[in-house]
Amino acid sequence: MPRYLIPIDGSDNALRAVEYVIAFAREMREGPDVVLLNVQPAIPAKGLLLEGRLSEIHRLEAPLREHAAALLEPPAATLKRAGIPAQRLVEIGEAAPAIARIAGSHHCDQVVIGARGLTAIDSVILGSVSTRVIHLSPVPVVIVKRSEEQDRKSTRLNSSHL
């Protein structure tokens, strides 16, 4: 049974990656196993010091973990309706290295990640989690882009606000 890692950030882009895996699974003899991952940013060390002891980290991370669990619920429900089992994971830290680490440690065959749709200039300036995952991942990475129709709709909506 193939195992896919789908990073989830709550965006439509991440949900497109879920839909991609569901569509791909319909063509397979054996259904896939899916690992849904949400990575929350680490608590800055400065925040830890202001709160007191480093042992407070679990208390400080609790709201992040709750938020992550809420973000994982809709894609998990979508996969369940399609008959695909999904394991939910929450990590705290930097997104790209965490995604690559989980892909390896959970023996995933592939990472399927939604593209954020940055322009070429934005991608160079801001960087891209998906680009970093490609470089760090021990397994192949599929980036699910928006369709041309979705791009046209987005362009029309954005230009109507000018």
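Residues numbered from 1 in each chain as written. Predicted model: local features only at pLDDT ≥ 70, side-chain atom pairs only at ≥ 80, totals over all residues. Heavy atoms only, no water.

Q: Got a minute to help me understand the overall build of the chain in this structure?
A: Assigned secondary structure in the chain consists of seven helices and five strands. Secondary structure elements of the chain occur, N-terminal to C-terminal, as β-α-β-α-α-β-α-β-α-α-β-α. The buried share of the chain, reckoned over its 162 residues, is 37%. Sequence separation of 24 or more characterises 76% of the internal contacts of the chain that already satisfy a separation of 6 or more. Total accessible area on the chain is roughly 9900 Å²; 57% of this is exposed by carbon and sulfur atoms. (Helix = DSSP H or I, 4+ residues; strand = E, 2+ residues; numbered from the N terminus. Buried < 20%, exposed > 50% of the residue type's maximum accessible area, 1.4 Å probe, protein only. Contact = heavy atoms within 4.5 Å. Areas by Shrake-Rupley, 256 points an atom, 1.4 Å probe, with all protein chains shown as cover.)

Q: Sorry, what's going on with the sheet that holds strand β4 (residues 110-114) here?
A: Hydrogen bonds between backbone groups are what pair the strands of a sheet, and the pairing can be parallel or antiparallel. Judged by pairing direction, the sheet is parallel, and its five strands sit side by side in the order β3-β2-β1-β4-β5 without closing on themselves. Of all the strands in the sheet, just β3 (86-92) and β5 (141-144) have a single pairing partner and so form its edges. Pairs of neighbouring strands in the sheet enclose a mean axial angle of 25°, with direction left out of account. As paired elements, strand β1 (residues 3-7) and β4 share two bridges and run parallel to each other. (Pairing = 2+ DSSP bridges. Axes fitted to C-alpha atoms, helices over the stretch in contact; angles between N-to-C directions.)

Q: So what exactly am I meant to see when it comes to helix α3 (residues 57-81) here?
A: Because the α-helix completes a turn every 3.6 residues, residues three or four places apart line up on one side. With 25 residues, α3 should cover 36 Å at 1.5 Å per step; its first-to-last C-alpha distance of 36 Å lies within 8% of that length. Along its length, α3 shows its largest kink, about 30°, at Pro63. Those residues of α3 that fall on the buried side of the exposure criterion are Leu60, Glu61, Leu64, Ala68, Leu72, Pro75, Ala76, Thr78 and Leu79. Within two residues after α3, Gly83 carries a phi angle of roughly 80°, on the positive side. (Expected span 1.5 Å × (residues − 1). Bend = angle between axes of the 7 residues up to and from the residue.)

Q: When you look at the packing of helix α4 (residues 95-105) against helix α6 (residues 129-136) in this model, what are you seeing that I'm missing?
A: Helices that pack against each other are described as a pair by the angle of their axes relative to one another and the distance between those axes. Direction vectors running N to C along α4 and α6 enclose 40°, while the axes themselves pass 8 Å from each other. With respect to each other, α4 and α6 are oriented oblique. As α4 packs across α6, the resulting crossing turns out to be right-handed. Every residue of α6 that contacts α4 at Ala95, Ala96, Pro97, Ile99 and Ala100 is listed here: Val129, Arg132, Val133 and Leu136. In terms of residue class, the contact of α4 with α6 is built from eight nonpolar, no polar and one charged. (Parallel < 35°, antiparallel > 145°, perpendicular 65-115°, else oblique. Left-handed = near helix turned anticlockwise from the far one by under 90°. Nonpolar A, V, L, I, M, F, W, Y, C, P; charged D, E, K, R; others polar.)

Q: I'm lost on the environment of Cys108 in this one. Help?
A: When you line up the elements, Cys108 lands in the loop between α4 and β4. Residues contacting Cys108, with those up to four places away along its chain left out, are Arg3, Tyr4, Leu5, Val35, Ile102, Ala103 and Val139.

Q: What's the story with the pairing of β5 in this structure? I'm lost.
A: Sheet faces and side chains relate simply in a regular strand, where the side chains alternate between the two faces. Only one face of β5 is buried, namely the one carrying Val142 and Val144, since none of Val141 and Ile143 on the opposite face is buried. In this structure, β4 lies alongside β5, joined through four bridges in parallel fashion. Of the residues in β5, the one forming a bridge with Ile113 is Ile143.

Q: How should the nonpolar core be read in this particular structure?
A: Side chains of nonpolar character tend, in soluble globular proteins, to be buried together. Grouped together as the largest cluster of nonpolar side chains are 18 residues, with contacts concentrated most on Ile6, Ile8, Val18, Val34, Leu36, Leu79 and Val112. Elements represented by at least two residues in this core include exactly β1, α1 (12-25), β2 (33-40), α3 and β5. Those residues within four positions of Val18 in sequence are excluded, and the remaining contacts are Ile6, Ile8, Leu36, Pro75, Thr78 and Leu79. Counting 15 residues, the second-largest nonpolar core is a separate cluster that includes Leu5, Leu37, Ala98 and Val139. (Core = buried A, V, L, I, M, F, W, Y, C linked by side-chain atoms within 4.5 Å.)

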